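# Architecture and fold: a report
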Amino acid sequence: MSSLEVLCVADIHIGRRPSRLPDRFDPADFSPRTIWADIAESAVTRGVDAVVVAGDLVDQENRYAEAFGAVESVATRLAEASIPLVAVAGNHDADVLPDLADAIDNLQLLGRGGSWERTAFTDADGEPCLHIDGWSFPGRYHHESPLATYDLVDEGVPRLGVVHGDVSGEDRYAPVAVDDLATSGHAAWVLGHLHVPGTRHENPPILYPGSLQPLDPSETGGHGAWLVSVESDGTVETEPLRSATLQYEDVVVETEPDHGFHDVVDATHKQLRETATKCGPRTDLLAVTVTISGRTDAHTDLRGRRGELDQVELTDGGTAVRVIDVTVDTKPSIDLADRAGDDDPIGYLAGLLRALDDDEPLDPYRDVIEAAHTSVRETHDSNAYRELKSHDETYTRPTEAETKEVLRRQARQLVDAFVEQQGVPADE
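Residues numbered from 1 in each chain as written. Predicted model: local features only at pLDDT ≥ 70, side-chain atom pairs only at ≥ 80, totals over all residues. Heavy atoms only, no water.

It is possible for side chains bearing opposite charge to pair when their charged atoms get close. One pass over the full model with this rule turns up 27 salt bridges. Between Arg305 and Asp301 there is a salt bridge whose closest N-O contact spans 3.4 Å. A single salt-bridge network, built from bridges that share partners, covers Arg20, Arg306, Asp310 and Asp325. (Salt bridge = Lys/Arg side-chain N within 4 Å of Asp/Glu carboxyl O.)

Here is the structure:
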């Protein structure tokens, strides 16, 4: 049983630069164009049968001049190794990719103008062994599902569908439904547009390669090309290659009540080192957004020294780990047991919280719980919730346990607000 290997990428956006990099790092060194240039060598080294781009190879029409050389050099190197370069246009390059395909040899654009088009691959005996079906954006926006116009015949050969489309429910960018893709008869689908990599359906695989190189801190996790292997019987295997040189991550550092500033720095270093183990094999820079959370006596000190936490850095192997932003989301420490019963608002709320957690008798707070429960139910019985109740068969009125959880959150927020107003830890 023979198989074909296809190197799949999407959302390269040649012309853009990644955002929010540390000052000492040049965004040009981590640009999508730089990573795209490595695709040809990776494809040749692996001996793949084709390279497929699922849209947004170029960021926009006015990047034509910048993109031309980058695309032509990769196409030429692939042609020298007899590896076809097949692409569809996305919403960002709908106007520019057709012109590039007309001008550059070995760049085959499928489905221009919003039509479906097929290219066939043959085995050593000249027999068809894989069909790649592609559809390209006809303009900046497309409000209909591309599958609504799919008209290619199933000839009994495994089919790989390639389209730039959105499964998230957004209706401006070629909306497609996962169920429709999964029941189309294709062996697999490779999609562009969403920058978060991963499979949205296992069998058949529906794959978003994601952005080839992450472009902003919201695009966390490993990125890069994917290898898709299609057997002659239609069996498909997918493998992320994690070829990106940049990785963004969000890190939460939990503090303890007795932690001081140095303890938080040490905990941040530890968390960054653990996060570095998630990096891909080619990651040169790990850019991290840090959130300091928890309750600590150093709450005020941490807020005043947030700028110092921005300077935390380390190097793990060949990966530079740098902090690009810090949020101090700590709360003042408070000993509920010590404050419960005090003749002030914090004392009352501390007692209520302990009672809600079954650490004190609930009876003294029964009136406020019953009043809250009545208020919550009256709100949910109001006209504002009528439409929700009519469309959700599982809808039920809030239980007392749910009311207690609302009270717990509100009481904790009030304690924090009172402590902030006092400007001192609540247990002093």
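What follows is about the sheet that holds strand 4 (residues 107-109). The 6 strands lie next to each other as 4-3-2-1-11-12, forming an open sheet whose pairing is mixed. Of all the strands in the sheet, the pair left with one neighbour each is strand 4 and strand 12 (236-240). Adjacent strand axes in the sheet meet at a mean angle of 25° when their direction is disregarded. With 4 bridges connecting them, strand 2 (residues 50-54) and strand 3 (residues 85-88) associate as parallel partners. Considered in strand 3, the bridge of Ala54 is made with Val88. Lying over the sheet, helix 1 (residues 32-46) contacts strand 1 (3-9), strand 2, strand 3 and strand 11 (226-231), oriented at roughly 170° with respect to strand 1. (Pairing = 2+ DSSP bridges. Helix = DSSP H or I, 4+ residues; strand = E, 2+ residues; numbered from the N terminus. Axes fitted to C-alpha atoms, helices over the stretch in contact; angles between N-to-C directions. Contact = heavy atoms within 4.5 Å.)

Glancing now at a negative patch on the surface. A contiguous patch of negative charge on the surface is contributed by Glu254, Glu256, Asp258, Asp263, Asp266 and Asp297. Take Asp258: it is sitting in the loop between strand 13 (246-254) and helix 5 (261-276). Note on Asp258: relative accessible area 62%, which makes it exposed. (Patch = residues over 30% accessible without salt bridge, like charges linked within 9 Å, V, L, I, M, F, W, Y side chains within 5 Å. Areas by Shrake-Rupley, 256 points an atom, 1.4 Å probe, with all protein chains shown as cover. Lys, Arg positive; Asp, Glu negative; His and termini not counted. Charge placed at Lys NZ, Arg CZ, Asp CG, Glu CD. Buried < 20%, exposed > 50% of the residue type's maximum accessible area, 1.4 Å probe, protein only.)

In this section: the sheet that holds strand 14 (residues 285-296). Across the sheet, which stays open at both edges, the 4 strands sit in the order 13-14-16-15 with mixed pairing between neighbours. Because the sheet does not close on itself, it has two edges, and the strands there are strand 13 and strand 15 (313-316). Each neighbouring strand pair of the sheet contributes to a mean axis angle of 25°, computed without reference to strand direction. With respect to the sheet, helix 5 is in contact with strand 13, strand 14, strand 15 and strand 16 (319-332), its orientation differing from that of strand 13 by roughly 140°.

Attention now moves to the layout of surface pockets. Computed from the structure, the largest pocket encloses a volume of approximately 240 Å³. Considering every element that reaches the lining of the largest pocket, the biggest residue donor is strand 16, with 4 residues. For the lining of the largest pocket, the class distribution of residues is 5 nonpolar, 1 polar and 6 charged. Taken together, domain 1 (3-240) and domain 2 (246-331) each give at least three residues to the lining of the largest pocket, which thus spans both. Considered as a void within the structure, the second largest pocket measures approximately 150 Å³ in volume. If you trace the second largest pocket, you find it lined by Leu7, Ile35, Asp38, Ile39, Ser42, Arg46, Ala225, Leu241, Ser243, Pro281 and Arg282. Counting residues per element, the lining of the second largest pocket draws most heavily on helix 1, which supplies 5 residues. In terms of residue class, the lining of the second largest pocket is built from 6 nonpolar, 2 polar and 3 charged. (1 Å grid on protein atoms, 1.4 Å probe; cavity = no way out; pocket = protein on both sides within 12 Å on 5 of 7 lines; lining within 4 Å. Points joined across faces, edges and corners; volume = space filled by probe spheres on them. Nonpolar A, V, L, I, M, F, W, Y, C, P; charged D, E, K, R; others polar. Domains from an automatic or database assignment.)

Partitioning the chain into structural domains gives domain 1 (3-240), domain 2 (246-331) and domain 3 (336-423). Placing the centre of domain 2 and that of domain 3 at their C-alpha centroids yields a distance of 34 Å.

On to helix 9 (residues 345-356), then. End to end, helix 9 covers 16 Å across 12 residues, agreeing with the expected 16 Å (1.5 Å per residue, within 8%). Counting buried positions along helix 9 gives 10 out of 12 residues, so the element sits mostly inside the fold. When helix 9 is considered as a whole, its buried residues turn out to be Ile346, Gly347, Leu349, Ala350, Gly351, Leu352, Leu353, Arg354, Ala355 and Leu356. Following helix 9 by one or two positions, Asp358 adopts a phi angle in the positive range, close to 65°. (Expected span 1.5 Å × (residues − 1).)

With that out of the way, let us pick up the pairing of strand 16. Within strand 16, 10 of the 14 residues are buried, which leaves the element mostly enclosed by the surrounding structure. Examined bridge by bridge, strand 15 and strand 16 share 4 bridges and lie antiparallel to one another. Residue pairing across strands places Asp316 opposite Thr319, the latter belonging to strand 16.

Let's shift gears to the pairing of strand 3. Where burial is concerned, the two faces of strand 3 agree: the one with Leu85 and Ala87 and the one with Val86 and Val88 are both buried. Assessed by its sense of winding, the connection that carries the chain from strand 2 through helix 2 (residues 64-80) to strand 3 is right-handed. Relative to strand 4, strand 3 runs parallel, the two being bridged by 3 bridges. The residue bridging Leu85 from the neighbouring strand is Leu107, located in strand 4. Each parallel crossover has a hand, and for strand 3 linked through helix 3 (residues 97-103) to strand 4 it is right-handed. (Right-handed = clockwise from strand over helix to strand, strands pointing away.)

You can see Val265 is positioned in helix 5. On the basis of relative accessible area, Val265 is assigned to the buried category, the value being 18%. Ignoring any residue separated from it by four or fewer positions in sequence, one finds Val265 in contact with Leu309 and Val312.

Helix 2 packs onto helix 1 with a crossing angle of 10° between their chain directions and a minimal axis gap of 9 Å. Compared by their axis directions, helix 1 and helix 2 come out roughly parallel. Facing helix 1, whose interface residues are Arg33, Trp36, Ala37, Ala40, Glu41, Ala43 and Val44, helix 2 presents Glu66, Ala70, Val71, Val74, Arg77 and Leu78. Of the residues contributing to the contact of helix 1 with helix 2, the split by class is 9 nonpolar, no polar and 4 charged. (Parallel < 35°, antiparallel > 145°, perpendicular 65-115°, else oblique.)

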